[in-house]
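# Per-entry structural report
So the chains spell out like this:
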Amino acid sequence: MNIPEVFWLVPIASVIALGMAWHFFSAMMKEEEGTSKMIEIAEHVRKGAMAYLKQQYKVVGIVFAVLAVVFALMAYVLKVQNPWVPVAFLTGGLFSGLAGFFGMKTATYASARTANAVQHGLDKGLKIAFRSGAVMGLVVVGLGLLDIAFWFLLLNYIYNGSEMALITITTTMLTFGMGASTQALFARVGGGIYTKAADVGADLVGKVEANIPEDDPRNPATIADNVGDNVGDVAGMGADLYESYCGSILSTAALGATAFAMNGEMQLKAVIAPMIIAAVGIFLSLLGIFLVRTKDGATMKDLLHSLGLGTNIAALLVGAASFAILYLLGLENWLGISFSVVTGLVAGVIIGQATEYYTSHSYKPTQLIAKASETGAATVIIKGLGTGMISTCIPVLTISLAIMLSYLCANGFDMSMNASSISHGLYGIGIAAVGMLSTLGITLATDAYGPIADNAGGNAEMCELGEDVRHRTDALDALGNTTAATGKGFAIGSAALTALALLASYVEEVKIAMVRAVNEGQHFIDAAGNAFNPSTASMPDFMQFFEVTLMNPKVLVGAFIGAMAAFLFCGLTMGAVGRAAQSMVEEVRRQFREITGILEGKATPDYGRCVEISTRSAQREMVFPSLLAIAIPIIVGILLGVAGVLGLLVGGLAAGFTLAVFMANAGGAWDNAKKMVEEGNFGGKGSDSHKATIVGDTVGDPFKDTSGPSLNILIKLMSMVSIVMAGLTVAFL
């Protein structure tokens, strides 16, 4: 098939994104890093972060090698797998890992430079931190679109002219998403365990027991804490959203290939439409990045407004551009599909604003948690849990409304539930996810900015830069807590829409696997005893053939297992953080007890020992939960078949999304309640209220930085594993 000239906008946009990422990185590196002490501390953090990533990639490399061999056996020996899967799986993991690596490398160089710049003004510090965070956003979208463009051109060359060419191409491309998901889960879980073991240890012993400030150089865990911000919140988030970004584009392309299969020209337009929207989103994200600026003396609301200006303008322009793109493409029902894109964008903004409301100490929910500290840690925890639970309402209702509207806009508000109506509606849900993630270049910048600002504050504290500087870094850090919480809410919301699109793509992959099986001589008989032809069957036909109804116990059991998987995964990761943090607490106490002169500032703590504990704990603890997420869909597929897998994915999506929002928002609110007390409210630093909020914050740390964020990868990874293993599931029919 002839690829339209407009498609070349996709690789061009990806190259420009990577070029601008390099520009921002180079500009940041030209800034002064500060005093010799600031440079020394930044170097400690940088070495610790790189050492951790090197060790993590060794473990992940072994897992990838084993899985690639399994996929090769399935593809070339058992013939139940697409032959491109082993290679696509490896490239997906490689690019996901690269996205996290480049973002983290930038962050470790940017923190000291941000701290030094803040001495000259808040605006300069904000620009360095934010544009360094933008390196992560631009690397993610640049590598993502480059990978997608490469595979599309390669597979189009290979399958051009064959039957079901675009369906085969798009479902094959989907499989590299499993590599990205697997890498992202290891990065999120391992990084989350690392950072929270260090954070909890540093807070409980340093702040509560020794009564010394956060990031005080006398605290042995402070370097490990700063390293953890980078490996968890930067490298982990980058790998996570790379996978969401690619997954939304690829699943929508696959759904478009099916929805418009009867019209070859329209089918190609539907496949490339999400790629072009994402490409235009890169240019508009760059515009938004340049709009972010502030002034000295800015309040928290001023800073939030500054970041909001860039992200909201980018979102508005992408929404407007979508109408022009789909109109010029000549896509059938371009107006309705454009409104589906807008629905996704609006849903992302609403979820972000709701998250900000429930987690920023500029608003009542977090202020009430801080006030609860006057009666102790128990009331802080109770109030935080209640706030987190209530905070799920707006995101869940928003996603529910977005699903319905995007579905109906794309199929012309056809409620007949016929094959055409369903396939066009599902395409609308997929492209809504693309809309939500189209401004990821700037949205991820606001998230990656947070750890940079946090580390800048730590550097300023350890180097004793003065109260004015620390006040400015505290302002940037508090803003970072809110943007990080907003980013997590955004990531979870996009995961829900992407997972739903992947759910529909799973049925398409089952269809491909069944067609392959028929070509190998296998026959399928429906419940009435008639031959079932998968090549001509529609989505409702497959639902009927596999008896996917709520009265089928396989579907119900799968749904229960999916819901259970979300809680089991959280329990395992929370337990892992608890064990790692316990080791860290014992080590910090030992150093305070045995190394004479630490608390007087006359002796240097053994920072390396704490970094080693976090690294070893994270590597050991991350493997089992991650492998479990891969194993569950395979086992359910073999035992309960396609109906059970669909139930599993629905149950995991519903429970995982709600639980992830609850954990992210509760954790963010506890963190900012602590920040509010530290600013001098309810007794200020060192008071009983402060200690109560520290306890709440340490409970919330694994909520918001380990278990909660990992859940959005879990629900997508289970979908990706199900898609990749569809051939094996069909083989057991």
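This section reports on the structure supplied with the text. All values derive from a computational prediction rather than experimental measurement.

## Quick notes on the layout of surface pockets
Regions of empty space are outlined by a rolling probe, equal in size to a water molecule, passed over the atoms. Here the largest pocket is characterised by a volume of approximately 780 Å³. Along its surface, the largest pocket is lined by 24 residues, and L426, L503, M543, V548 and V650 are the ones closest to its centre. At the level of elements, helix 13 (393-410), helix 14 (419-437), helix 16 (467-519), helix 17 (539-545), helix 18 (553-594) and helix 19 (607-678) are the ones that each hand at least two residues to the lining of the largest pocket. Ranked by the residues each element gives to the lining of the largest pocket, the list is headed by helix 16, at 4 residues. Here the lining of the largest pocket is composed, by residue class, of 22 nonpolar, 2 polar and no charged.

## Looking at the environment of I381
Mapping I381 onto the fold places it in helix 12 (residues 377-390). Judged by its relative accessible area of 23%, I381 is partly exposed. In this structure the C-alpha to C-alpha distance between I381 and G696, which are 315 residues apart in sequence, comes to 5.4 Å. Those residues in contact with I381 that lie beyond four places of it in its chain are W670, V695, G696 and V699.

## With respect to the nonpolar core
Side chains of nonpolar character tend, in soluble globular proteins, to be buried together. With 247 residues, the main nonpolar core has F152, M275 and Y427 as its most contacted residues. Looking at this core, the element that brings in the most residues is helix 19, giving 32 residues. With sequence-adjacent residues up to four places away left out, Y427 is seen in contact with T252, L255, G256, A259, F260, A270, A273, P274, L331 and I337.

## With respect to the pattern of salt bridges
The tally for this structure, following the rule as stated, stands at 23 salt bridges. A salt bridge links R616 to E612, with the shortest nitrogen-to-oxygen separation between them at 3.5 Å. One end of the pair, R616, and the other, E612, are both in helix 19, 4 residues apart, so they sit about a helical turn from each other. Each of K196, D199, D671, K674, K675, D697, D701, K704 and D705 takes part in salt bridges that share partners, so that together they form one network.

## Looking at a nonpolar patch on the surface
A contiguous nonpolar patch, built from V69, L73, Y76, V77 and L78 and spanning about 500 Å² of accessible area, is present on the exposed surface. Secondary-structure assignment places V77 in the loop between helix 2 (36-76) and helix 3 (85-118). Judged by relative accessible area, which is 57%, V77 ranks as exposed.

## Points about unusual backbone geometry
With the exception of glycine, most residues fall at negative phi, and the peptide bonds are largely trans. Phi is positive for N333, close to 55 degrees, though the residue is something other than glycine. Structurally, N333 can be placed in the loop between helix 9 (300-329) and helix 10 (334-359). Here the phi dihedral of E547 falls at roughly 55 degrees; this positive angle occurs in a residue that is not glycine. By the element assignment, E547 lies in the loop between helix 17 and helix 18.

## Digging into the packing of aromatic side chains
Overall, the coordinates contain 23 aromatic pairs when judged by the stated rule. When the ring of F25 is compared with that of Y109, the centres are 6.4 Å apart and the planes differ by 85 degrees; the resulting orientation is edge-to-face. Taken together, the positions of F25 in helix 1 (residues 9-29) and Y109 in helix 3 put the pair 84 residues apart, joining distant regions of the chain. Like F25, the residue Y109 is buried in the burial classification. Taking 4.9 Å as the distance between ring centres and 80 degrees as the angle between the ring planes, the aromatic pair formed by F545 and F546 counts as edge-to-face. Using a relative accessible area of 9% as the deciding quantity, one classes F546 as buried. Taken together, the ring pairs connect F524, F532, F542, F545 and F546 into an aromatic cluster. Above the ring of Y109, the side-chain terminus of R46 is found at 4.0 Å from the ring centroid.

Rules of the game
- Residues numbered from 1 in each chain as written.
- Predicted model: local features only at pLDDT ≥ 70, side-chain atom pairs only at ≥ 80, totals over all residues.
- Heavy atoms only, no water.
- 1 Å grid on protein atoms, 1.4 Å probe; cavity = no way out; pocket = protein on both sides within 12 Å on 5 of 7 lines; lining within 4 Å.
- Points joined across faces, edges and corners; volume = space filled by probe spheres on them.
- Helix = DSSP H or I, 4+ residues; strand = E, 2+ residues; numbered from the N terminus.
- Nonpolar A, V, L, I, M, F, W, Y, C, P; charged D, E, K, R; others polar.
- Buried < 20%, exposed > 50% of the residue type's maximum accessible area, 1.4 Å probe, protein only.
- Contact = heavy atoms within 4.5 Å.
- Core = buried A, V, L, I, M, F, W, Y, C linked by side-chain atoms within 4.5 Å.
- Salt bridge = Lys/Arg side-chain N within 4 Å of Asp/Glu carboxyl O.
- Patch = residues over 30% accessible without salt bridge, like charges linked within 9 Å, V, L, I, M, F, W, Y side chains within 5 Å.
- Areas by Shrake-Rupley, 256 points an atom, 1.4 Å probe, with all protein chains shown as cover.
- Phe/Tyr/Trp six-rings, centres within 6.5 Å; stacked < 30°, edge-to-face > 60°.
- Lys NZ or Arg CZ within 6 Å of the ring centre and 35° of its normal.

The values are spatial; any link to function lies outside them.
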